[in-house]
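Listed here are the chains, written in short residue letters.
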Amino acid sequence: MEEIPAQASKGESGDSRVASLFDFHVSAASSKTAEIPTVAELIDTQAKSACALGGLASCSEGEGSSTDGGGRLRHPGFVLFMQGAEARLYRGTFLGRPVVMKERFSKKYRHPRLDEKLTTKRTQGEARTAARARKAGIPTPCIYFVNYQNNCIYMEDMQLATTSRDYIMAVQSAGGGDSFQALQPIMDKIGQILATLHDADIIHGDLTTSNIMLKQDKTMSEPEVVLIDFGLSSVSQLNEDKGVDLYVLEKAFLSTHPNTETLFRVILKSYSKQSRKAKDVIKKLDEVRLRGRKRTMVG
């Protein structure tokens, strides 16, 4: 249960609470900026909330465990915490380290041989592209082991991290007019990371603010941008593919975070400064945008 703030103590009217909050926010810009959470503070808050709700394996052992058709645990010692269209994510321990295990599951509507071939190929592709990105200097979760028989990838558990999606929303909720100043340095880092990614001819394929993590603990002065989920990634030298990659991020960014066009422009500006091929890629991005508007008009 949340603690009741001092301003909301018994006997104080709702109007007076609103007035005091208004006075506090307009008193000084520095005071308002101080209320914006850091990445580390948001991570700490999310961890406490998840623990209170029993969302972590360490807080509710056994909950969320997946079973096979015979009622046996699918992956003993691992706890299911998320499932998407292509894979399930589990938390557990591997060789004494906390890990996230990503399991690609079979699709029953596909022919068994085709399904096995596609699933294995995509597991291999994801692991190789993530390793290639890490070699290029892009922060990604470290991959410890790949089980091609079960199509499982064992990777570093990003415990001290949050999604950029959650952080943008938290800052916009708390910061008001100061949200741009708080988010600008992070957008600048995202642009740099994407430029490095594309200069290494890596296409992420699913750039969203949910797949861009922010990692920070109390010893780090600044958050680190980490890319995750290379399930739809590929390797390509085509500026067209890189432009489409940025367009996917732009659409996801603006649909998830309305009225943030200025923030996305910061990403593109940083990308243009960092990438060797930025001019041609941005030109392709403009062409892709134009095609997208035409499709919207035609229907």
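What counts as what
Residues numbered from 1 in each chain as written. Predicted model: local features only at pLDDT ≥ 70, side-chain atom pairs only at ≥ 80, totals over all residues. Heavy atoms only, no water. Pairing = 2+ DSSP bridges. Helix = DSSP H or I, 4+ residues; strand = E, 2+ residues; numbered from the N terminus. Axes fitted to C-alpha atoms, helices over the stretch in contact; angles between N-to-C directions. Parallel < 35°, antiparallel > 145°, perpendicular 65-115°, else oblique. Left-handed = near helix turned anticlockwise from the far one by under 90°. Contact = heavy atoms within 4.5 Å. Nonpolar A, V, L, I, M, F, W, Y, C, P; charged D, E, K, R; others polar. Expected span 1.5 Å × (residues − 1). Buried < 20%, exposed > 50% of the residue type's maximum accessible area, 1.4 Å probe, protein only. Arc of directions from axis to C-beta. 1 Å grid on protein atoms, 1.4 Å probe; cavity = no way out; pocket = protein on both sides within 12 Å on 5 of 7 lines; lining within 4 Å. Points joined across faces, edges and corners; volume = space filled by probe spheres on them. Salt bridge = Lys/Arg side-chain N within 4 Å of Asp/Glu carboxyl O.

**So, the pairing of strand S8 (residues 212-215)**
Sheet topology note: the strand S6 (residues 161-163)/S8 ladder contains three bridges and is antiparallel. Across the sheet, Thr163 pairs through a bridge with Met213, a residue of S8. With four bridges joining them, S8 and strand S9 (residues 224-227) adopt antiparallel strand pairing. Within S9, the position partnered with Met213 by the bridge is Val226.

**Description of the sheet that holds S9**
Within a sheet, neighbouring strands are paired by backbone hydrogen bonds and run either parallel or antiparallel to one another. The sheet built from three strands is open, its strands ordered S6-S8-S9 with antiparallel pairing. Each end of this open sheet is capped by a strand with a single partner; those strands are S6 and S9. Sheet twist, expressed as the mean angle between neighbouring strand axes with direction ignored, is 35°.

**A closer look at the packing of helix H6 (residues 179-199) against helix H7 (residues 239-256)**
It is the contact of H6 with H7, at a shortest axis distance of 11 Å, that shows an interaxial angle of 155°. Here H6 lies roughly antiparallel to H7, going by the angle between them. Handedness of the H6/H7 crossing: right-handed. Along its contact with H6, which presents Met187, Leu194, Leu197 and His198, the element H7 presents Lys242, Asp245, Leu246, Leu249 and Phe253. By residue class, the composition of the contact of H6 with H7 is six nonpolar, one polar and two charged.

**Some points on the sheet that holds strand S1 (residues 79-83)**
The five strands are arranged S1-S2-S3-S5-S4 in an open sheet whose pairing can be described as antiparallel. A single partner strand is all that each edge strand has here, and the edge strands are S1 and strand S4 (143-147). Sheet twist, expressed as the mean angle between neighbouring strand axes with direction ignored, is 25°. In the packing of helix H4 (residues 112-135) onto the sheet, contacts are made with strand S3 (97-104), S4 and strand S5 (152-156), and the angle to S3 comes to roughly 140°.

**Details of the pairing of S1**
The pairing of S1 with strand S2 (residues 87-94) spans four bridges and is classified as antiparallel. Each bridged residue has a counterpart across the sheet, and for Val79 the counterpart in S2 is Arg91. Hairpin connection from S1 to S2: three residues lie between these consecutive antiparallel strands.

**Side note on helix H3 (residues 39-52)**
The terminal C-alpha atoms of H3 lie 20 Å apart, and with 14 residues this matches the ideal 20 Å at 1.5 Å per residue to within 8%. Taken together, the buried positions of H3 are Val39, Ala40, Leu42 and Ile43. Along the axis of H3, the buried positions cluster into a sector of 160°, meaning they face one direction only. Turned more than 90 degrees off the buried face of H3, the exposed positions are Lys48 and Ala52.

**Looking at empty space enclosed by the protein**
Taken as a whole and judged by the stated rule, the model has one cavity of 30 Å³ or more. The wall of the largest cavity is formed by Glu86, Arg104, Phe105, Arg110, Thr119 and Arg122. The residue makeup of the lining of the largest cavity, split by class, is one nonpolar, one polar and four charged.

**Some points on the packing of H7 against helix H8 (residues 261-274)**
Where H7 contacts H8, the two axes come as close as 10 Å, and the packing angle between them is 155°. Between H7 and H8, the interaxial angle falls into the category roughly antiparallel. Note that H7 runs across H8; the crossing there is right-handed. Residues Leu246, Leu249, Glu250, Phe253 and Leu254 of H7 form the contact with H8, whose own contacting residues are Glu261, Leu263, Phe264, Ile267, Leu268 and Tyr271. Class assignment of the residues belonging to the contact of H7 with H8 gives a composition of nine nonpolar, no polar and two charged.

**Considering the pattern of salt bridges**
Pairing between side chains of opposite charge can happen when the charged atoms of each approach one another. Tallying each qualifying case throughout the model produces 20 salt bridges. Linking Arg289 and Glu250 is a salt bridge whose minimum nitrogen-to-oxygen distance equals 2.8 Å. Highlighted residues: Arg289 in helix H9 (residues 278-298) and Glu250 in helix H7, separated in sequence by 39 residues. Via salt bridges that share partners, Glu86, Lys102, Arg104, Lys107, Arg122, Glu126 and Asp229 belong to a single interconnected network.

**With respect to the environment of Leu118**
With respect to the helices, strands and loops of the structure, Leu118 is situated in helix H4. As a C-alpha pair, Leu118 and Ser106 span 12 residues in sequence and 9.4 Å in three-dimensional space.

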